[in-house]
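A structural walkthrough
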Amino acid sequence: SDGELARVGVVAAGGVLRLEASGGSAALAIAAEGHALHVESIELVAGARELRLPAGLAVAGQVLVDGAPPGEAIKLLLLSHEPAGLPDPDALVALRALGLPEPGEMRPLFLHSDDRGFFRCDGLQPGWSGTLRNAQEWCEAEDAEWRDWGELDAPREDVLLRLRRVPVLHGRVLLADGVTP
């Protein structure tokens, strides 16, 4: 809407978010680990308030490495094709102002499994579809069908991603004079 600001803030430990309470309203884009991007309009009035991320639908499952739980967090990338249109008309204003992908564009979200390989991303809209990718350098998908990624045509909570460790070359690149670029 006219005169509305777009704000972005960083959520600290314990879910604390601090924004300047300059009056008026703002479209607030909230990105949290394990949750899809959420945009809502808020009044910028001083004081404490609670913002709840909607539960929505989820993509969840487990990653196995060499047939077993990984024993460490595994980094995954969920690329989302959002449904054509967001419920809040102010969302498009916020997405543009913050330089975030608009509806219909790929929207990346990094997820981390726990050390047992379980992962979850909540807050997905009905009609969601996307791609789940392995984001670890040292492993690749065992299943040829996935090849490090998998198309998901709807949220689901039974995803099983089987990875295997692969040899990785580590090195350092130097300029001709031996200086690090």
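Here the structure is a predicted model, which means the values were calculated and not measured. By convention here, each chain's residues receive numbers from 1 onward along its written sequence. Two thresholds apply to this predicted model, a pLDDT of at least 70 for residue-level local features and 80 or more for giving and counting side-chain atom pairs, whereas whole-chain, interface and lining totals are computed over all residues. By convention in this description, side-chain values take in all heavy atoms of the structure and omit both hydrogens and water.

**Some words on the overall build of the chain**
Worth spelling out the cut-off: Secondary structure elements follow DSSP: runs of H or I of four or more residues count as helices, runs of E of two or more count as strands, with numbering from the N terminus. Only protein chains enter the area calculation, which uses a 1.4 Å probe; residues under 20% of their type maximum are buried, those over 50% are exposed, and those in between are partly exposed. Note on contacts: a residue pair is in contact if any heavy atoms of the two residues lie within 4.5 Å. Using the Shrake-Rupley algorithm and a 1.4 Å probe, accessible areas are obtained, with residue cover drawn only from the displayed protein chains.
A count of helices and strands for the chain gives 1 helix and 11 strands. Ordered by position in the sequence, the α and β elements of the chain form the string β-β-β-β-β-α-β-β-β-β-β-β. The 181 residues of the chain split such that 34% are buried. Taking all contacts inside the chain whose residues are at least 6 apart in sequence as the whole, residues at least 24 apart take part in 62%. Surface exposure of the chain reaches about 10700 Å², of which carbon and sulfur atoms provide 53%.

**Examining unusual backbone geometry**
If you check the backbone angles, Asp-66 has positive phi at about 55 degrees while not being a glycine. Residue position: Asp-66 is located in the loop between β4 (57–65) and β5 (75–81). In this structure Asp-66 comes out as partly exposed when scored by relative accessible area, which is 45%.

**Details of the side chain of Gln-62**
Formally: For this analysis, a polar contact is any N or O atom pair within 3.5 Å, provided that within protein one partner can donate a hydrogen and the other can accept it, and provided that sequence-adjacent residues contribute only side-chain to side-chain pairs.
Tracing the backbone shows Gln-62 in strand β4. Taking the relative accessible area as the measure of exposure, Gln-62 reaches 17% and is therefore buried. Engagement of the side chain of Gln-62 in a polar contact is seen with the backbone oxygen of Arg-116, the distance being 2.9 Å. In this structure, Gln-62 is in contact with Pro-69, Arg-116, Gly-117, Phe-118, Phe-119, Val-159, Leu-160 and Leu-161, ignoring residues within four places of it in sequence.

**Description of the environment of Glu-20**
Within the fold, Glu-20 resides in the loop between β1 (5–8) and β2 (25–32). On a C-alpha basis, the gap between Glu-20 and Val-45 in space is 8.8 Å, while along the polypeptide they are 25 residues apart.

**Section: the pattern of salt bridges**
Selection rule: Note on definitions: salt bridges are taken to be side-chain nitrogens of Lys or Arg within 4 Å of carboxyl oxygens of Asp or Glu.
Scanning all chains against the criterion turns up 7 salt bridges. When the shortest N-O distance is used, the salt bridge between Arg-165 and Glu-72 registers 3.7 Å. Linking Arg-165 in strand β11 (residues 159–165) with Glu-72 in the loop between β4 and β5, this pair joins segments that are 93 residues apart in sequence. Residue Glu-72 is classed as partly exposed on the basis of its relative accessible area of 35%. By sharing partners, the salt bridges in this structure join Asp-66, Glu-72 and Arg-165 into a single network.

**Some remarks on the confidence of the model for the chain**
The test is simple: A score between 0 and 100, pLDDT records how confident the predictor is in each residue.
On average, the chain scores 76 in pLDDT, and the residues at 70 or more come to 72%. Predicted confidence in the chain is weakest over β1, with a mean pLDDT of 55, and strongest over strand β7 (residues 118–124), with 92.

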